[in-house]
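# Remarks on the overall topology
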Amino acid sequence: SESNHLMALARIKGSDEARYGLAWIDISTGSFRVAESRQARLLADIMRIEPREIVLPEQMFHDPEEHALVEQLGRRASPQPQVLFDSATAEGRIARYFDVSSLDGFGSFSRAELAAASAALAYVEKTQINERPPLEPPQRELDGDTLFIDPATRANLELTRTLSGERTGSLLKSIDRTVTGGGGRKLAEWLMAPLTDPAAINARLDGVSWLIAEQSLTDTLRRALKGVADMPRALSRLALNRGGPRDLGALRSGFDAAGQFADLLSGAALPEELADAMAAIAALPKDFAAHLDAALGDELPLLKRDGGFVRQDYDAELDEMRSLRDASRRVILGMERDLIEETGIRSLKIRHNNILGYYIEVTANHQAIMMGSDAAKARFIHRQTMANAMRFTTTELAGLETRIANAAERALAIELAAFDRLVAEAVAAAEAIRAGAEALAVLDVSAALAKLATAEDYCRPAVDGSLSFEIRGGRHPVVEQALRR
């Protein structure tokens, strides 16, 4: 339920004051954000994101003017060559990563933002060794969209952690009723960056109010959400060639839940935020979801090399290889019965030894049947004559022996090829899957806040564009829960 952000920090010196660009990436979910900052609020903007690692130019890292900032960032700060932060080549690097001719479709970015975004991508490519995580296009966060909170205030508010660094006792811990990892991350994101636009705030509150009024539906929604695995992180592992069958299963569980939500909320007059979420969920790739259902078995191994994750009847050749691998004796007995019917020799046997492999054995007095005609000679290939028996093989038996010997290897190869095809489909549909997962997270947070408001008897705040601030009968969630314990 926690994000793992890598942040790149770029600096562009101007005639008046330096401009700073921030770009932060979570390769485990594919999120990619950029923003511009200035020195007075730089540390506050960084702490709002809580990055696990920060890359910045060596020149800036060793600059005496930035000493205080670098000290506060501590071991999270990692100096990198200046060339990674070159704003002149930044746009080209970003365009190449996303395979576009220009960034016009992504929006407008400042030089500092482009330099930071380019450095973040360069560092990801450097550390992931030629693997390319499926990141969403960079999204710009505008100054003023969210509430400015200085670092000291943020720490003392104990939004996500207490002053001792613990999550227990924080505001997030006291109000978190989410049931998915994505929902937990989304709630923390909302809490760390409160909105400033009353219309946007009321859109969120409308969603929560609607779910409070539909209590039975909200409970059903939350039960369905509990079965949803972490789709963005599963997708990222698959794209980086670190995933396994259970990651495909995570996508399947998300698609299944999406289908339930579509049935659950069909025909309902949803408020704007929930309606937007359902539109994104409805846009999930249905063909790929159907392919996953058809291809994946019910019990999935952790590693693809273990095999056994492809469903029976998905691939005819795979079923045959499994049959040969698991029931070779039954297959041999079936061929033996067919040969007895063909030749009329009731004593015919198919046996095996380490020298000849599989062979057909008949008594010597049946020599005429096995070798009496040109057709029989072509059909049955003589291998060995014993005192009272003769041994033969056929091209079918020789081929069957080879297939039995290679069946396990071939079965695994077929499964691995099916896995690769499914991964390619997942990566191709990455944008729609991420958008759907984001919508599921919004549903989870809205339903969790509805559950919290009902359980704790919270009321909806009236938010408008004025500067009036009035609280009646205020209660502190963390203190109240501590006293109750």
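Here the structure is shown first, and the text comes after it.
Notes on the structure in this doc start here.

Analysis parameters
- Residues numbered from 1 in each chain as written.
- Predicted model: local features only at pLDDT ≥ 70, side-chain atom pairs only at ≥ 80, totals over all residues.
- Heavy atoms only, no water.
- Salt bridge = Lys/Arg side-chain N within 4 Å of Asp/Glu carboxyl O.
- Helix = DSSP H or I, 4+ residues; strand = E, 2+ residues; numbered from the N terminus.
- Expected span 1.5 Å × (residues − 1).
- Buried < 20%, exposed > 50% of the residue type's maximum accessible area, 1.4 Å probe, protein only.
- Axes fitted to C-alpha atoms, helices over the stretch in contact; angles between N-to-C directions.
- Parallel < 35°, antiparallel > 145°, perpendicular 65-115°, else oblique.
- Left-handed = near helix turned anticlockwise from the far one by under 90°.
- Contact = heavy atoms within 4.5 Å.
- Nonpolar A, V, L, I, M, F, W, Y, C, P; charged D, E, K, R; others polar.
- Pairing = 2+ DSSP bridges.
- Phe/Tyr/Trp six-rings, centres within 6.5 Å; stacked < 30°, edge-to-face > 60°.
- Polar contact = N/O pair within 3.5 Å; in protein donor to acceptor, adjacent residues only side chain to side chain.

### Focus: the pattern of salt bridges
When the charged atoms of two side chains lie near each other, side chains of opposite charge can form a pair. Following the criterion strictly, the structure yields 29 salt bridges and no others. Here Asp219 ties to Lys451 by a salt bridge, and the two come within 3.6 Å at their closest N and O atoms. Taken together, the residues Asp219 in helix 10 (residues 215–225) and Lys451 in helix 20 (residues 430–456) connect sequence positions 232 residues apart. As a salt-bridge pair, Arg351 and Glu361 come within 3.2 Å of each other at their nearest N and O atoms. With Arg351 in strand 7 (residues 349–353) and Glu361 in strand 8 (residues 357–363), the pair connects residues that are 10 residues apart, well separated along the chain.

### Notes on helix 5 (residues 111–127)
A rise of 1.5 Å per residue sets the reference length of helix 5, with its 17 residues, at 24 Å; its end C-alpha atoms lie 24 Å apart and thus fit the reference within 8%. In terms of burial, helix 5 is largely enclosed, as 13 of its 17 residues are buried. Where helix 5 terminates, the next one or two residues include Ile129, which has phi positive at roughly 50 degrees.

### Re the packing of helix 4 (residues 87–97) against helix 5
Two elements in contact, helix 4 and helix 5, have axes separated by 8 Å at closest approach and are oriented at 55 degrees. In terms of orientation, helix 4 and helix 5 fall into the oblique class. Taken as a pair, helix 4 and helix 5 cross one another with a handedness that is left-handed. Packed against helix 4, whose contacting residues are Ser87, Ala90, Glu91, Arg93, Ile94 and Tyr97, the element helix 5 presents Arg111, Leu114, Ala115, Ala117, Ser118, Leu121, Ala122 and Glu125 at the interface. Residue composition of the contact of helix 4 with helix 5, grouped by class: 8 nonpolar, 2 polar and 4 charged.

### Concerning the side chain of Ser174
With respect to the helices, strands and loops of the structure, Ser174 is situated in helix 7 (residues 171–175). Overall, Ser174 belongs to the buried group, its relative accessible area being 5%.

### Let's talk about the sheet that holds strand 5 (residues 77–80)
The strands making up a sheet are joined through hydrogen bonds of the backbone, oriented either antiparallel or parallel. Read from one edge of the open sheet, 6 strands run 5-4-1-2-3-6, paired in mixed fashion. At either margin of the open sheet sits one strand with a lone partner, and together these are strand 5 and strand 6 (139–140). Packing against the sheet, helix 1 (residues 42–49) makes contact with strand 1 (6–12), strand 2 (19–26), strand 3 (31–38) and strand 4 (53–57), and its axis sits at approximately 5 degrees to strand 2. Against the sheet, helix 5 touches strand 1, strand 2, strand 3, strand 4, strand 5 and strand 6, its axis set at about 35 degrees to strand 2.

### Re the pairing of strand 2
With 7 of 8 residues buried, strand 2 lies mostly within the body of the structure. Here strand 1 runs beside strand 2; their pairing, made up of 7 bridges, is antiparallel. When the bridges of strand 2 are listed, Ala10 appears paired with Gly21. Bridge analysis of strand 2 against strand 3 gives 8 bridges, and the strand direction is antiparallel. Bridge pairing in strand 3 places Leu22 opposite Ala35.

### Some words on the packing of aromatic side chains
Per the counting criterion, the structure on display carries 5 aromatic pairs. An angle of 20 degrees between the planes, with centres 6.3 Å apart, marks the rings of Phe32 and Phe98 as stacked. With Phe32 in strand 3 and Phe98 in the loop between helix 4 and helix 5, the pair connects residues that are 66 residues apart, well separated along the chain. For the residue pair Phe32 and Phe98, the accessibility class agrees, reading buried in each case. The interplanar angle of 65 degrees and the centroid separation of 5.2 Å between the aromatic rings of Tyr97 and Phe98 together place this pair among those described as edge-to-face. Comparing Tyr97 with Phe98, the two get one shared label, buried.

### Some points on the pairing of strand 3
In terms of residue burial, strand 3 counts as a mostly covered element, since 6 of its 8 residues are buried. The hairpin formed by strand 2 and strand 3 contains 4 residues between the paired strands, and Gly30 there has a positive phi angle of roughly 90 degrees. Sheet analysis places strand 3 next to strand 6, joined by 2 bridges and oriented parallel. Pairing of Arg33 across the sheet is with Gln139, part of strand 6.

### Some thoughts on unusual backbone geometry
Most peptide bonds take the trans form, and the phi angle of most residues other than glycine is negative. One non-glycine residue, Glu50, adopts positive backbone phi at about 55 degrees. Residue Asp313 is not a glycine yet carries a positive backbone phi of 75 degrees. Take Asp313: it is sitting in the loop between helix 14 (286–295) and helix 15 (316–326).

### Section: the packing of helix 11 (residues 231–239) against helix 19 (residues 395–428)
Across the interface, helix 11 lies against helix 19 with an axial gap of 10 Å and an inter-helix angle of 120 degrees. Classified by the angle between their axes, helix 11 and helix 19 sit oblique to one another. Crossing geometry of helix 11 relative to helix 19 is assigned as left-handed. Touching Leu235, Leu238 and Ala239 of helix 11 are Phe419, Val423, Ala426 and Val427, all from helix 19.

### What about the sheet that holds strand 10 (residues 389–393)?
Spatially, 7-8-10-9 is the arrangement adopted by the 4 strands of the open sheet, whose pairing is antiparallel. Of all strands in the sheet, those with a lone pairing partner are strand 7 and strand 9 (381–385), marking the two edges. On average, adjacent strands in this sheet sit at an angle of 40 degrees to one another, irrespective of strand direction. Alignment of strand 7 against strand 8, held across 5 bridges, turns out to be antiparallel. The residue bridging Asn353 from the neighbouring strand is Gly357, located in strand 8. Of the strands in this sheet, strand 7 and strand 8 are in contact with helix 16 (residues 328–343), which crosses strand 7 at around 140 degrees.

### Overview of the side chain of Gln481
Structurally, the position occupied by Gln481 is in helix 21 (residues 477–484). Polar side-chain contacts of Gln481 include one of 2.8 Å to the backbone oxygen of Ser174. Once residues within four sequence positions are removed from consideration, Gln481 is found in contact with Ser174, Arg177 and Glu456.

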